[in-house]
Amino acid sequence: MAEATDAPRATKKKAGRRSAESEAALMALAENRLAIEGVTPEIDGGRFAVKRVEGEDLTVSTDVFSDGHDKIACAVVYGPATADKWSETPLAFVENDRWAATIRFDKAGPYRYSIIAWRDLYATWRDEAKKKRDAGKLTDLELTEARELVRAAQGSGRGSKAEQKGLVKLLERLEKMAERGDGTGQYSLMMQEETIDLLKAAGHRTNLSRYPGNIPVWVDRPRAAFSAWYELFPRSQSGDVNRHGTFDDVIKRLPDIQEMGFDVLYFPPIHPIGKTNRKGKNNTLTPAEDDPGSPYAIGSPEGGHDAIHSELGTFEDFARLIAAAKDHGLEIAIDFAIQCSPDHPWIKEHPEWFDWRPDGTIKFAENPPKKYEDIVNVHFYRGALPSLWYELRDIFLFWVEKGVSIFRVDNPHTKAFPFWEWVIAEVRKVEPGAIFLAEAFTRPKVMKRLAKVGYNQSYSYFTWRNEKWELAEYLTELTQEECGEYMRPNFFVNTPDINPIYLQTSGRPGFRTRLALAATLGGNYGVYSGFELCEFLPVPGKEEYLNSEKYEIRAFDWKAPGNIRDDIAFFNRLRNTEGALQSFRNLAFYNFWNDQILYYGKRTPDLSSFLLFMVNLDPHHAQGGHFEVPLWEFGLGDGDTVRAENLASGQAVAWHGKVQHWWLNPEDCPYAVFKISPEPA
């Protein structure tokens, strides 16, 4: 048996050693005492920016708590990303350690925000002192602690000179009261609102802790979130299929477009069109000599992406169009399609930007089973990096100099994400108000990634959402889930490439239905010209237009019988006069007991603009049923009354009680728009 010994075991660990590095880490961790968690909104841990427009509310919420029972305080700190100046807004307690505050930014550009929190020893003292006073147990010791807190505040380094002087005077008054034995006076002085405000502004923040990251915010001008687009082919504006339209012809149409109430006029590519493998009418591979070709086959010996198709006019004509559009309340948007005709100057000047086959021929664009023989694509790496990136940036900036600040980008999901993140940031350095619309009918996560890397607006699946359940489900995702913080859909009802089955089979009522949905559900929406004429003739069995303007010049009677111009003007006017429609994420769905009627509402925070929409999704049959009036939104009871004016018809009714009935005949009008307000007492 081994002898007992007092010697420590050989395996016992030695005491840890102190070092300057270890102590610095300890002190930093100890000082950052409060927990700040669950900050929202924050996109991918701050990798991408939250989006807002000028003056729009950004509600920040977070969990903040600490050990022990001391009172705590916290605030949002925020400011321009390019400056060291920070503003501060206090966070208010919500529930269960959750805090929130609302901030806003007044100018387009990059910003950031973070969270700070601290132990509020002044609030803790007030809370404890009141309890002791109410129990008759307030002593001189608590009053001494109060004076020490004020004395400590004088060394905080916070507050203005006037506030620091205020601390000195406050302490002098407290000490004089203490000398007189006036405990009641000291207590009353510490509880005054003026004292509380002074200590909030200039007092010491004990254990000041900070969220580790600065969360980026990108602020846009309002049109990025609220716009009505009208798309047209300039070459089809002459009114004669035998004459190529010009920018001057477009200028002549501006009053007509303004009359419908649009604010963005968008053109497909306006650049020179190549002749090699030019497409003919209806996408044929055997064009006639006078076929104009697809404007997406960009580039010819006349020039490329920084040139204008000569039959449209000159840059002087384009400048005159920009100015005339502005006079009519319109901004011009152009298509930015990163693709080339085989005749594009880049192919000879920069062959390293393109893909070549082993036999030495260039690789044409393909999207099996589709093949685009009249265009070739660039690639973004290998010999194209970085020279192509700079070239494309300079093309964007070239058009910015020409007065264009809105770009619809063709197929951005087939180009490199890092390129978009870089080039959009580069353009914004010159023009913070630039707007980029991603034409990407693609997978949801790809669509959202494009929004994250900088696109202000995004095409969406709205075009193919027709049933009540899928519209409600999709709009709830877009408005209520995290993507609503960075992705702004643009609800185009049709495009030159997409002639939806619904419109092919619904007749005029269906066009009115889809218009009503797009214009009222979306902050941004758009129509491709011909929609107002209920154009629907398809290529048999396809979601494509027969006799498409992509391949031929068309002429239209823009006020032909059966048009829905009045509907378009009504909704655009409503969008500009009713504040409820000027937000996207304020959407709420309500109960209407009929699966063919979508029933929803939008309202301003002060309820001064409260609109209810009923849209008949069945273009062939009248539909009706019972629905709930959202009396609770006004704080009313189930038996109370609201006044409802149908803005589409001018009819006004009083709804007594929560459950009412309505009927919509698509041949008369497939929608109703009610502005509701409480019945005057």
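The sections below set out a description of the structure shown in this document. For clarity, every value in this text was computed on a predicted model and none was experimentally measured.

So, on to the environment of glycine 639. Within the fold, glycine 639 resides in the loop between β25 (623–628) and β26 (641–646). Residue glycine 639 is classed as exposed on the basis of its relative accessible area of 64%.

All told, the structure shown has 51 aromatic pairs when counted by the stated rule. Ring centres 6.4 Å apart and planes at 40° place the aromatic pair phenylalanine 262 and tyrosine 525 in the tilted group. In this pair, phenylalanine 262 is assigned in the loop between α7 (247–260) and β12 (264–267) and tyrosine 525 in strand β21 (residues 524–528), connecting sequence segments 263 residues apart. You'll find phenylalanine 262 and tyrosine 525 in the same group, each marked buried. For the ring pair phenylalanine 462 and phenylalanine 491, a centre distance of 4.5 Å and an interplane angle of 15° mean the geometry is stacked. Taken together, the residues phenylalanine 462 in the loop between β19 (457–458) and α13 (468–480) and phenylalanine 491 in strand β20 (residues 490–492) connect sequence positions 29 residues apart. Phenylalanine 491 carries the same exposure label as phenylalanine 462, and that label is buried. In this structure, arginine 210 is placed above the aromatic ring of tryptophan 86, and the distance from its NZ or CZ to the ring centre is 4.8 Å. Positioned above the aromatic ring of tyrosine 474 is the side chain of arginine 465, whose terminal nitrogen or guanidinium carbon lies 5.1 Å from the ring centre.

Turning to the sheet that holds strand β7 (residues 98–103), a few remarks are in order. Hydrogen bonds along the backbone pair up the strands of a sheet, which may run parallel or antiparallel. Taken in spatial order, the four strands line up as β1-β3-β7-β6 in an open sheet, and their pairing is antiparallel. Looking along the sheet, the strands with just one partner apiece sit at the ends: β1 (35–40) and β6 (92–95). Adjacent strand axes in the sheet meet at a mean angle of 35° when their direction is disregarded. The pairing of strand β3 (residues 58–65) with β7 spans six bridges and is classified as antiparallel.

What follows covers the side chain of histidine 271. Positionally, histidine 271 belongs in the loop between β12 and α8 (315–327). Residue histidine 271 is classed as buried on the basis of its relative accessible area of 3%. At 2.9 Å, the side chain of histidine 271 forms a polar contact with the backbone oxygen of alanine 307. For histidine 271, the residues in contact, after removing those within four places along its chain, are Ile298, Gly304, His305, Ala307, Ile308, His309, Asp335 and Trp399.

Leaving glycine aside, a negative phi is the common case for residues, and trans is the common case for peptide bonds. The omega torsion across threonine 40 and proline 41 is -5°, close enough to zero to call that bond cis. By secondary structure assignment, the location of proline 41 is in the loop between β1 and β2 (50–53). For the bond running from leucine 385 to proline 386, omega is 10°, close enough to zero to count as cis. Mapped onto the elements, proline 386 comes out in the loop between β16 (370–377) and α10 (387–401). Positive phi, close to 65°, is recorded for aspartate 97, a residue that is not glycine. Assignment of secondary structure puts aspartate 97 in the loop between β6 and β7.

It is worth spelling out empty space enclosed by the protein at this point. In total, this model carries two cavities of 30 Å³ or more according to the counting rule given. Quantified by volume, the largest cavity comes out at close to 90 Å³. Together, Phe233, Pro234, Arg235, His244, Pro268, Pro269, Ile270, His271, Ile273, Pro295, His309 and Leu312 line the largest cavity. Classifying every residue of the lining of the largest cavity by side-chain character gives eight nonpolar, three polar and one charged. As a volume, the second largest cavity reaches approximately 50 Å³. What lines the second largest cavity is simply Glu231, Tyr266, Tyr296, Arg408, Glu439, Phe441, Tyr459, Thr495, Pro496 and Asp497. Here the lining of the second largest cavity is composed, by residue class, of five nonpolar, one polar and four charged.

Taken in spatial order, the six strands line up as β22-β23-β24-β29-β26-β27 in an open sheet, and their pairing is antiparallel. Strands at the two margins of the open sheet, each flanked by one partner only, are β22 (588–589) and β27 (652–656). As judged from the five bridges shared by β26 and strand β29 (residues 671–678), these two strands associate in the antiparallel manner. When the sheet's bridge partners are listed, asparagine 646 is paired in β29 with phenylalanine 674. Docked against the sheet, helix α14 (residues 501–521) engages β23 (597–603), β24 (610–616) and β29, running at close to 30° with respect to β23.

Conventions used here
Residues numbered from 1 in each chain as written. Predicted model: local features only at pLDDT ≥ 70, side-chain atom pairs only at ≥ 80, totals over all residues. Heavy atoms only, no water. Helix = DSSP H or I, 4+ residues; strand = E, 2+ residues; numbered from the N terminus. Buried < 20%, exposed > 50% of the residue type's maximum accessible area, 1.4 Å probe, protein only. Phe/Tyr/Trp six-rings, centres within 6.5 Å; stacked < 30°, edge-to-face > 60°. Lys NZ or Arg CZ within 6 Å of the ring centre and 35° of its normal. Pairing = 2+ DSSP bridges. Axes fitted to C-alpha atoms, helices over the stretch in contact; angles between N-to-C directions. Polar contact = N/O pair within 3.5 Å; in protein donor to acceptor, adjacent residues only side chain to side chain. Contact = heavy atoms within 4.5 Å. 1 Å grid on protein atoms, 1.4 Å probe; cavity = no way out; pocket = protein on both sides within 12 Å on 5 of 7 lines; lining within 4 Å. Points joined across faces, edges and corners; volume = space filled by probe spheres on them. Nonpolar A, V, L, I, M, F, W, Y, C, P; charged D, E, K, R; others polar.

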